[in-house]
Amino acid sequence: IRTALLSPLVIAATFGPARAQTIVEMSALKCGDYLESPPDRQEQFAAWMNGYFNAERNMPMVDIKRFASNKKKVEKYCRSHKKDNLMNVIRKVAI
């Protein structure tokens, strides 16, 4: 009986209050948004974009060197084109 009563408390304590989530409309990102983001957020954006475009090309693998090279190309382009749409820039300079 004790186990049956404690189980819901353990489960409730495990999940606790919901944490705030950030939702980003990736297709609306501009180069400036990307460049002004903290480094960890930039990595998340870059990884998501890499996966998105690889899936679009039916490439189920990650080429780490190509990823790093493309990320640098996009960042260089974005520095002088901050109002450009990030996904369009990636299509233009990194694919």
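These lines cover the structure that appears in this document, whether it is placed above or below. Within every chain, residues take consecutive numbers counted from 1 along the sequence as written. Local features in a predicted model are, by the rule used here, given only for residues with pLDDT of at least 70; side-chain atom pairs are given and counted only at 80 or more, and totals for whole chains, interfaces and linings are based on all residues. Side-chain measures were taken over the full set of non-hydrogen atoms in the model, leaving aside hydrogen atoms and water.

Focus: unusual backbone geometry
With the exception of glycine, most residues fall at negative phi, and the peptide bonds are largely trans.
Move 1: With phi around 60 degrees, Asn-58 is a residue other than glycine that occupies positive phi space.
Move 2: Summarising the element assignment, Asn-58 is placed in the loop between α3 (39–56) and α4 (64–79). Numbering of helices and strands runs from the N terminus, with a helix taken as a DSSP run of H or I at least four residues long and a strand as a DSSP run of E at least two residues long.

Brief notes about α4
Move 1: Taking 1.5 Å per residue, 16 residues should reach 22 Å; α4 reaches 23 Å between its end C-alpha atoms and fits that length.
Move 2: Exposure categories follow from relative accessible area, calculated using a 1.4 Å probe and restricted to protein chains: below 20% of the type maximum is buried, above 50% is exposed, and the middle band is partly exposed. Those residues of α4 lying buried are Phe-67, Asn-70, Lys-71, Val-74, Glu-75, Tyr-77 and Cys-78. Looking straight down α4, one finds that the buried residues subtend no more than 165 degrees of arc, so they occupy a single side. Opposite its buried face, α4 presents the exposed residues Lys-65, Lys-72, Lys-76 and Arg-79, each directed more than 90 degrees away. The length a helix should cover is 1.5 Å for every residue beyond the first. Arc, as used here, means the arc of the directions from the helix axis to the C-beta atoms.

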